[in-house]
Amino acid sequence: MSDEDLVQLLTPAGERVAHPVYDAFVEDLTDDDLRGMYRDMVLVRRFDTEATALQRQGELALFAQALGQEAAQIGSGRALKTQDHVFPSYREHGVAHVRGVDLADVLRLFRGVDHGGWDPVAHGFHLYTLVIGSHALHATGYAMGVQRDGLVGTGDDERDAAVVAYFGDGATSQGDVNEALVFAAVNQAPVVLFCQNNQWAISEPTTLQARAPLAARAPGFGVPSVRVDGNDVLASYAVTQEALQRARSGGGPTFVEAFTYRMGAHTTSDDPSRYRSSEQEEHWRRRDPIDRLRAYLTARGALPQTFVDELAAEADALGERIRTTVRAMGHPSPASMFDHVYATRHSGVEADRAWFERYESSFLDHEHGQQQPREGSHR
Ligand SMILES: Cc1ncc(C[n+]2csc(CCOP(=O)(O)OP(=O)(O)O)c2C)c(N)n1
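To start, this report covers the structure provided alongside it. (Residues numbered from 1 in each chain as written. Predicted model: local features only at pLDDT ≥ 70, side-chain atom pairs only at ≥ 80, totals over all residues. Heavy atoms only, no water.)

With that settled, consider empty space enclosed by the protein. Taken as a whole, this structure holds 1 cavity of 30 Å³ or more when the rule is applied. If you go around the largest cavity, the residues you meet are Thr172, Val177, Asn178, Leu181, Leu214, Arg217, Ala218 and Phe255. The dominant element in the lining of the largest cavity, judged by the number of residues it contributes, is helix α7 (residues 175–187), at 3 residues. Along the lines of polarity and charge, the residues of the lining of the largest cavity split into 5 nonpolar, 2 polar and 1 charged. (1 Å grid on protein atoms, 1.4 Å probe; cavity = no way out; pocket = protein on both sides within 12 Å on 5 of 7 lines; lining within 4 Å. Points joined across faces, edges and corners; volume = space filled by probe spheres on them. Helix = DSSP H or I, 4+ residues; strand = E, 2+ residues; numbered from the N terminus. Nonpolar A, V, L, I, M, F, W, Y, C, P; charged D, E, K, R; others polar.)

Encoded structure:
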């Protein structure tokens, strides 16, 4: 799949290129804003490295890296307003960070001590979804709710809201994403369907799933779409701004295809050297989104050494905090897995819990050499 027709504001070398439509969406960004984007990307990458190391040390069951996708996530995430609501997949750590989720909490799920790790309402950021594409429907339904609550097109910037679903290229092959497009289109739902095309669905390349760019599908449903260079944080910010403004103002859904590359493995259980070439990886390493923004800021004289040094220290401190916080997460009681299955108590779940507790305690008794005689048995 080629990278032609992509909206781009920064070339891979970090040179600013003009765009007739999208320049308008970045003209208000100050050097401080740009440094903020750079900072976010650097911190999230450090988080990725630490979490991967923690998995290798046996502290996490699994981890899904966002390595290489920082620009798509930070750019789009920074276009959101507080009142917007996000439905992520499982590698949206950059967006989580922008939404104020403590990155350590993201690891509660990957360590297996929690079903989620944060309060979705407090952050406008739903829990991670592991079922591919299902949350495109949740997002569209939620957006229809926002619309029916009269929170769209009122002209009040602090009130009008939009919803974003993040999913991968592989998810676009799922029925759920296509159904979401149907519902979003016919209801003109205030939703942005943000596809990070990182070119791989585990070992399945996008080329085996699509004969045309993924963004070309959406207009067939009646949803406008745009292809953006997902390794360009400015372009990702600009196209998401436009899509969110359309949604909030009552203009309906948009499909964004952010063309990027998953630089790491699918998860820590995967070995990409089995299915992709080192030439391809090297090609994309040269298009690293963080290097691109660093080159741009440096050429503008907007990246002073003091900022770079402070950021390096901040990243080290984050790494340290992630390590100590994860190691101190402890072990939840196994029965707590029944706690949040339903919002209110449910007799079926309570019966399952009671059975499980009896079963568990039989092991505990045995371990401590205190197994009780069964009713009616003789010593
Ligand atoms: C409904 C469903 N089918 C299959 C899987 C197994 N699975 C986990 S990740 C994945 C690939 C997803 O690829 P993509 O949507 O491109 O997202 P990426 O992981 O590249 O971000 C699959 C098939 C799943 N989790 N859910």
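Further remarks concern the nonpolar core. Core analysis: the biggest nonpolar cluster contains 69 residues, and Met37, Tyr38, Val106, Leu107, Leu234, Leu293 and Ile322 have the highest contact counts within it. In terms of residue count, helix α1 (residues 31–56) provides more of this core than any other element does, 10 residues in total. Residues in contact with Leu234, not counting those within four places in the same chain, are Leu9, Leu10, Arg16, Val26, Leu29, Leu34, Met37 and Tyr296. Counting 27 residues, the second-largest nonpolar core is a separate cluster that includes Val152, Val177, Ala180 and Val191. (Core = buried A, V, L, I, M, F, W, Y, C linked by side-chain atoms within 4.5 Å. Buried < 20%, exposed > 50% of the residue type's maximum accessible area, 1.4 Å probe, protein only. Contact = heavy atoms within 4.5 Å.)

All right, on to the sheet that holds strand β7 (residues 254–259) then. Sheet architecture is open: 5 strands sit in the order β1-β2-β3-β7-β6, paired in parallel fashion. Looking at strand neighbours, the two that pair on one side only are β1 (85–87) and β6 (225–229), the edges of this open sheet. In this sheet, adjacent strand axes meet at a mean angle of 20 degrees when their direction is disregarded. Bridge analysis of β6 against β7 gives 5 bridges, and the strand direction is parallel. (Pairing = 2+ DSSP bridges. Axes fitted to C-alpha atoms, helices over the stretch in contact; angles between N-to-C directions.)

As a matter of local geometry, the ligand sits amid 15 residues, with Tyr90, Arg91, Leu130, Gly170 and Trp200 nearest to it. Ala171 has a polar backbone atom sitting 2.9 Å from an oxygen atom of the ligand. For the ligand, an oxygen atom lies 2.9 Å from a polar atom in the side chain of Asn198. Taking 580 Å² as the accessible area of the ligand by itself, protein coverage stands at 69%. Across the shell around the ligand, the residue classes tally to 8 nonpolar, 5 polar and 2 charged. (Near = heavy atom within 4 Å. Polar contact = N/O pair within 3.5 Å; in protein donor to acceptor, adjacent residues only side chain to side chain. Areas by Shrake-Rupley, 256 points an atom, 1.4 Å probe, with all protein chains shown as cover.)

Further remarks concern the pattern of salt bridges. Note that side chains of opposite charge can pair when their charged atoms are close. Enumeration over the complete set of coordinates arrives at 28 salt bridges. When the shortest N-O distance is used, the salt bridge between Asp288 and Arg45 registers 2.7 Å. Placement of the pair is Asp288 in the loop between α10 (278–285) and α11 (289–299) and Arg45 in helix α1, with a sequence separation of 243 residues. An identical accessibility class is assigned to Asp288 and Arg45; each is buried. Arg323 is the partner of Glu320 in a salt bridge, and the nearest nitrogen-oxygen pair spans 3.4 Å. Residue Glu320 and its partner Arg323 are located together in helix α12 (residues 305–327), separated by 3 residues, close to a single helical turn. (Salt bridge = Lys/Arg side-chain N within 4 Å of Asp/Glu carboxyl O.)

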